[in-house]
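Descriptive analysis of the structure
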Amino acid sequence: MTRNFLNLSDAGPDAIAAMINDAIDRKAARAGWPKGKIDGDSPLAGHVLGMIFEKNSTRTRVSFDMAIRQLGGTSIVMDAGSMQLGRGESVADTARVLSRYVDAIMIRTDDHAKIEELAEHATVPVINGLTDLSHPCQIMADLLTVIEHGKALPGLEIAWLGDGNNVLNSIVEAAGLMKFNVRIAVPQGYESDSAFIDTAKANGANVTMIRDAAEAVSGADIVVTDTWVSMGQENTHNKLGAMMPYQVNEKLMAGAKPDAKFLHCLPAHRGEEATADVLDGAQSVIWDEAENRLHAQKSILLWCFGKL
Ligand code: CP
Ligand code: NVA
């Protein structure tokens, strides 16, 4: 069976734990090495990762490219706009053709249905590099970062502030799988996907909607936010106004546990979803989080190829 990574549930809790452990080990094993040096065991030698981008990316693009290189493989990066996909070749035919050239496909697309279609017709693993619905690779890096900073996942209290978006959906999914809790503080009308919330609750996670930002953050272990306007969304004045009470600033952060950490998947908009003093402050772990995209991607690739 081809292993796809379209959402975290494709892997499940045991595989997620194994991937995080492997990422921790591989990260430690290459501490101080030049970034282009291949891991000692070169586990994906000869493998090629094809990457399709329908939307902009810095972290996902470079971390996946470096991830496959450090594992001994190589990559081909494709801009959807310059592919025949961009002028109407079907997703299914693209999947069939690319499967003959590359060993795995990572895609960042505006429409989750497209990645499902790609996976249906591909004969190689397909990885979700962000869709309008979810961003599972980001959350693998977030979980790794949280653990690296000394926090165990079970029972963890995570407060999400701002827009109910793709990143939040994957956090909620992870909560159900890894048994932590999420307090969601978003303005009315900007709620996240209810199917992810229902599944997480059914899996035993405590997922609560708390309209008051200070109440949501009170006693939290982790405070997390993201851009108020995701790629492909309308940037309306109304939206920014509605989001303002959910800005993560020093005053809000002070309500979390004293050892709470601040996460943001980046790119950040200083002065909008978070202030500069929080993003650059002592509780922020955003640069570790960004670095961990690389270490997490390696584990995801290894899992997709059946090596974990
Ligand atoms: N966090 C994240 O996915 O960043 P990029 O959009 O730069 O890939
Ligand atoms: N929610 C953001 C995440 C960017 C990494 C977006 O979809 O644009």
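Read on for an overview of the structure. Here, residues in each chain are numbered from 1, in the same order as that chain's written sequence. Written order determines the labels here, with chains lettered from A and ligands numbered from 1. Totals for whole chains, interfaces and linings use all residues, but because this is a predicted model, local features are given only for residues with pLDDT of at least 70 and pairs of side-chain atoms are given and counted only at 80 or more. Calculation of side-chain values draws on the structure's entire complement of heavy atoms; hydrogens and water are dropped beforehand.

Let us look at the overall build of the chain. What counts as a helix is a DSSP run of H or I of at least four residues, what counts as a strand is a run of E of at least two, and both are numbered from the N terminus. Counting its regular elements, the chain contains 12 helices and 9 strands. Throughout, exposure labels follow a simple rule: accessible area from a 1.4 Å probe, protein chains only, divided by the maximum for the residue type, with under 20% read as buried, over 50% as exposed, and the rest as partly exposed. When the 308 residues of the chain are sorted by exposure, 55% land in the buried category. Between two residues, a contact is recorded if the distance between any of their heavy atoms is within 4.5 Å. Taking the contacts inside the chain whose residues are at least 6 apart along the sequence as the reference set, 74% of them involve residues at least 24 apart. The method behind every accessible area is Shrake-Rupley, applied with a 1.4 Å probe, and residues are considered shielded solely by the protein chains displayed. A total accessible area of about 12700 Å² is found for the chain, and carbon and sulfur atoms account for 50% of it.

Here we take up the nonpolar core. Residues F5, I16, I127, M140, L143, F180 and L301 are the most contacted members of the largest nonpolar core, which totals 60 residues. Once you skip the residues sitting within four places of it in the chain, F180 turns out to touch L143, L153, G155, L156, I158, I171, A174, A175, A205 and N206. Put simply, a nonpolar core is a bunch of buried Ala, Val, Leu, Ile, Met, Phe, Trp, Tyr and Cys residues held in one set by side-chain atoms that sit within 4.5 Å of each other. Counting 21 residues, the second largest nonpolar core, distinct from the first, contains A220, V248, L252 and A260.

Further remarks concern the side chain of R293. When you line up the elements, R293 lands in helix 12 (residues 286-304). As a buried residue without a salt bridge, R293 has its nearest oppositely charged side chain in D142, at a separation of 6.7 Å. A distance of 2.9 Å separates polar atoms of two side chains, one belonging to R293 and the other to Q138. For R293, the contacting residues outside a window of four places in its chain are R59, T60, S63, H135, C137, Q138 and A141. Under the counting rule used here, the positive set is Lys and Arg, the negative set is Asp and Glu, and His together with the chain ends is not counted. Salt bridges are defined as contacts in which a side-chain nitrogen from Lys or Arg sits within 4 Å of a carboxyl oxygen from Asp or Glu. Two N or O atoms form a polar contact when they lie within 3.5 Å of each other; inside protein one atom must be a possible hydrogen donor and the other a possible acceptor, and for residues adjacent in sequence the pair counts only when both atoms belong to side chains.

Bringing the pairing of strand 3 (residues 104-108) into the picture now. For strand 3, a buried count of 5 out of 5 residues is recorded, marking the element as mostly surrounded by other parts of the structure. Side chains A104, M106 and R108 project from strand 3 onto one buried face, and the interleaved I105 and I107 project onto a second face that is buried too. Strands qualify as paired when DSSP identifies two bridges or more between them. Where strand 1 (residues 48-53) lies against strand 3, 5 bridges are found, and the strand directions are parallel. The partner of G50 across the bridge, within strand 3, is I105. Summarising the sheet, strand 3 and strand 4 (residues 126-128) pair through 3 bridges and their orientation is parallel. Paired with I105 across the two strands is V126, which belongs to strand 4. Since strand 3 and strand 4 lie parallel, the crossover through helix 4 (residues 112-121) that links them has a hand, and here it is right-handed. Crossover handedness is defined here as right-handed if the route from the first strand over the helix to the second strand goes clockwise, with the strands pointing away from the viewer.

Within the open sheet, the 5 strands sit side by side as 7-6-5-8-9. Their pairing is parallel. The open sheet has two edge strands, strand 7 (207-209) and strand 9 (261-264), and neither has a second partner. Neighbour to neighbour, the strand axes of the sheet diverge by 20° on average, direction disregarded. Pairing of strand 6 (residues 181-185) with strand 7 involves 3 bridges; the strand directions are parallel. Paired with V182 across the bridge in strand 7 is V207. Note on definitions: angles span 0 to 180 degrees between N-to-C directions of axes, and those axes are lines fitted to C-alpha atoms, for helices only across the stretch in contact. Here helix 6 (residues 166-178) sits on the sheet in contact with strand 5 (157-161), strand 6, strand 7 and strand 8 (222-225), set at roughly 150° to strand 6.

We call a residue near a given molecule or strand whenever any one of its heavy atoms falls within 4 Å of it. The environment of ligand 1 is made up of S57, T58, R59, T60, R108, H135, Q138, C265, L266 and R293. Contacts to ligand 1 include S57, whose side-chain N or O atom sits 2.6 Å from an oxygen atom. Between ligand 1 and the protein, one listed contact pairs a nitrogen atom with a backbone N or O atom of C265 at 3.0 Å. The protein chains hide 96% of the 260 Å² of surface that ligand 1 would expose on its own. Here the nonpolar group is Ala, Val, Leu, Ile, Met, Phe, Trp, Tyr, Cys and Pro; Asp, Glu, Lys and Arg are the charged ones; every other residue, Gly included, is treated as polar. Residues of the shell around ligand 1, tallied by class, amount to 2 nonpolar, 5 polar and 3 charged.

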